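What follows is the residue order along each chain.
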Amino acid sequence: MQGKIALEEHFAIPDTLMDSAGFVPDSYWPELKDRLLDIQDKRLAQMDRHGVEMMILSLNAPAVQAIPDVVRANEIAVRANDFLAEQVAKRPSRFQAFAALPMQDPDLAIKELERCINTLGFRGALVNGFSQIDGKKPLYYDLPQYWPFWAAVEKTGLPFYLHPRNPLPEDCAIYEGHPWLMGPTWAFGQETAVHALRLMGSGLFDAYPKLKIILGHMGEGLPFSMWRVDNCNAWIPNRHSYPAKKKIGDYFQDNFHITVSGNFHTQALLNAMMVMSSDRIMFSTDWPFAAEISGFV
């Protein structure tokens, strides 16, 4: 393979398309809409133009994770995955797939993960942050009911990409009056970084040491903050009260990879390389959301 492999590249189906409205100016929405729905035409031409040989495609956000009805969430995940499998089959040398999963129900998520891997040939899964069910708090994946799911993920040997979403409105008091902080500007990264830290501190990676988690956007700020997290836990009395057996940074270096999606900043890249080495940093563009910034237009 001569060109670049891009790991966080999104598409939409009609059922999830409007989840991406509002993240760009209204004047850009018609173009973004076309790019999300297109796979075989404009997208492929841009890949050829910019030396991207393969895209690992994943459903836009928050999509399945924001559907509070479990049956409906599962239906949309299956529909999106079936559509994606059809598209990949047309050009498997150019496109591969990450599965969308109905994480509202861990048993359904396991079933769909195994179908996507064993039957459809997908390369892993990408989930858009926490999931929600009517009348309940956000479901984060360090909770005990998800551990059988993680066992299934580890068994596949394939990665799980934890992609961002905004916090729920009732959890957004700190952003009130400052809508510019929502989404990829800040809220996405903060929400995902805390979720990842919960996974690291839960003991999950002691139980399933071969798990592979991917974070986008240069690690959602964690490479910069990891030393401080461990240092505070080491010297402040009673601070190290999480169930995990090792330092948080150990799990970050052993079980996590990051991509450069949507964070094309040399200084941030150098910091990430010094913290976790270049072997754990992968290429992505965050197509089509970061297309204009990256020059991938």
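What counts and how
Residue numbers here run from 1 along each chain, matching the order of that chain's written sequence. At least 70 in pLDDT is required for a residue's local features to be given in this predicted model, at least 80 for side-chain atom pairs to be given and counted, and no such filter applies to totals for whole chains, interfaces and linings, which use all residues. Side-chain numbers come from the whole structure's heavy atoms, not from hydrogens or water. Where helices and strands are cited, they refer to DSSP runs of H or I of at least four residues and of E of at least two residues respectively, numbered from the N terminus. The size measure is the radius of gyration over C-alpha atoms, and the globule rule it meets is 2.2 Å times the number of residues to the 0.38 power. Any residue under 20% of the maximum accessible area for its type is buried, any over 50% is exposed, and the rest in between are partly exposed; the area is computed with a 1.4 Å probe on protein chains only. Contacts between residues were defined by any pair of non-hydrogen atoms, one from each residue, lying within 4.5 Å. With residues, only the protein chains shown are counted as cover, and all accessible areas are computed by Shrake-Rupley using a 1.4 Å probe. Think of it this way: Lys and Arg go in the positive column, Asp and Glu in the negative one, and His and the chain ends go nowhere. By convention, charge coordinates are those of NZ in Lys, CZ in Arg, CG in Asp, or CD in Glu. To pair, rings of Phe, Tyr and Trp, with the six-membered ring standing in for Trp, must have centres within 6.5 Å; the planes then decide the type, stacked if under 30 degrees apart, edge-to-face if over 60, and tilted in the middle. Here, a salt bridge means any Lys or Arg side-chain nitrogen found within 4 Å of an Asp or Glu carboxyl oxygen. By definition, two strands form a pair when at least two bridges between them are found by DSSP. The axes are straight lines fitted to the C-alpha atoms, using for helices just the contacting stretch, and the angles between their N-to-C directions are given from 0 to 180°.

### Thoughts on the overall build of the protein chain
Assigned secondary structure in the protein chain consists of eleven helices and eight strands. The C-alpha atoms of the protein chain give a radius of gyration of 18 Å, which matches the 19 Å a tight globule of 297 residues would have. Considering only C-alpha atoms, the protein chain reaches an extent of 60 × 45 × 45 Å along its principal axes. In the protein chain, which comprises 297 residues, the proportion classed as buried is 52%. Taking contacts inside the protein chain between residues at least 6 apart in sequence as the whole, the part at least 24 apart equals 76%. In the form shown here, the protein chain has an accessible surface area of approximately 13900 Å², with 56% of it arising from carbon and sulfur atoms. The averaged location of the 34 negative side-chain charges in the protein chain is 4 Å from the averaged location of its 27 positive side-chain charges.

### As for the environment of leucine 126
Along the chain, leucine 126 falls in strand E4 (residues 125-128). As for leucine 126 and glutamate 31, which are separated by 95 residues in sequence, their C-alpha atoms are 24 Å apart. Beyond its immediate stretch of four places on either side in the chain, leucine 126 contacts Ser58, Leu59, Phe98, Ala99, Ala100, Tyr161 and His163.

### Comments concerning the packing of aromatic side chains
Under the criterion given, the structure shown has twelve aromatic pairs. Each ring, one from tryptophan 150 and one from phenylalanine 160, has its centre 4.7 Å from the other, and the planes form 70 degrees; the classification is edge-to-face. One end of the pair, tryptophan 150, is in helix H5 (residues 147-156); the other, phenylalanine 160, is in strand E5 (residues 160-163), with ten residues separating them in the sequence. Overall, tryptophan 150 belongs to the buried group, its relative accessible area being 0%. For phenylalanine 160, a relative accessible area of 1% puts it in the buried group.

### As for the pattern of salt bridges
Evaluated as defined, the whole model comprises eleven salt bridges. For glutamate 75, the salt bridge is made with arginine 79, and the minimal N-O distance between the two is 2.5 Å. Of this pair, glutamate 75 and arginine 79 both sit in helix H3 (residues 70-90), four residues apart, roughly one helical turn. The partly exposed category is assigned to glutamate 75, whose relative accessible area is 34%. Here arginine 198 ties to aspartate 142 by a salt bridge, and the two come within 3.0 Å at their closest N and O atoms. With arginine 198 in helix H6 (residues 187-201) and aspartate 142 in the loop between E4 and H5, this pair connects stretches of sequence that are 56 residues apart. For arginine 198, a relative accessible area of 31% corresponds to the partly exposed category. Counted as one network, the salt bridges with shared partners bring together Asp15, Arg72, Glu75 and Arg79.

### Comments concerning the sheet that holds strand E6 (residues 213-215)
Strands sit in the order E4-E5-E6-E7-E8 across an open sheet of five strands; the sheet is parallel. With one partner strand each, in any of the chains shown, E4 and strand E8 (281-282) form the two edges of the open sheet. Relative to E8, strand E7 (residues 256-259) runs parallel, the two sharing two bridges. What sits directly across from threonine 259, in E8, is methionine 282. Across the sheet, helix H9 (residues 248-255) is in contact with E6 and E7; its angle to E7 comes to roughly 65 degrees.

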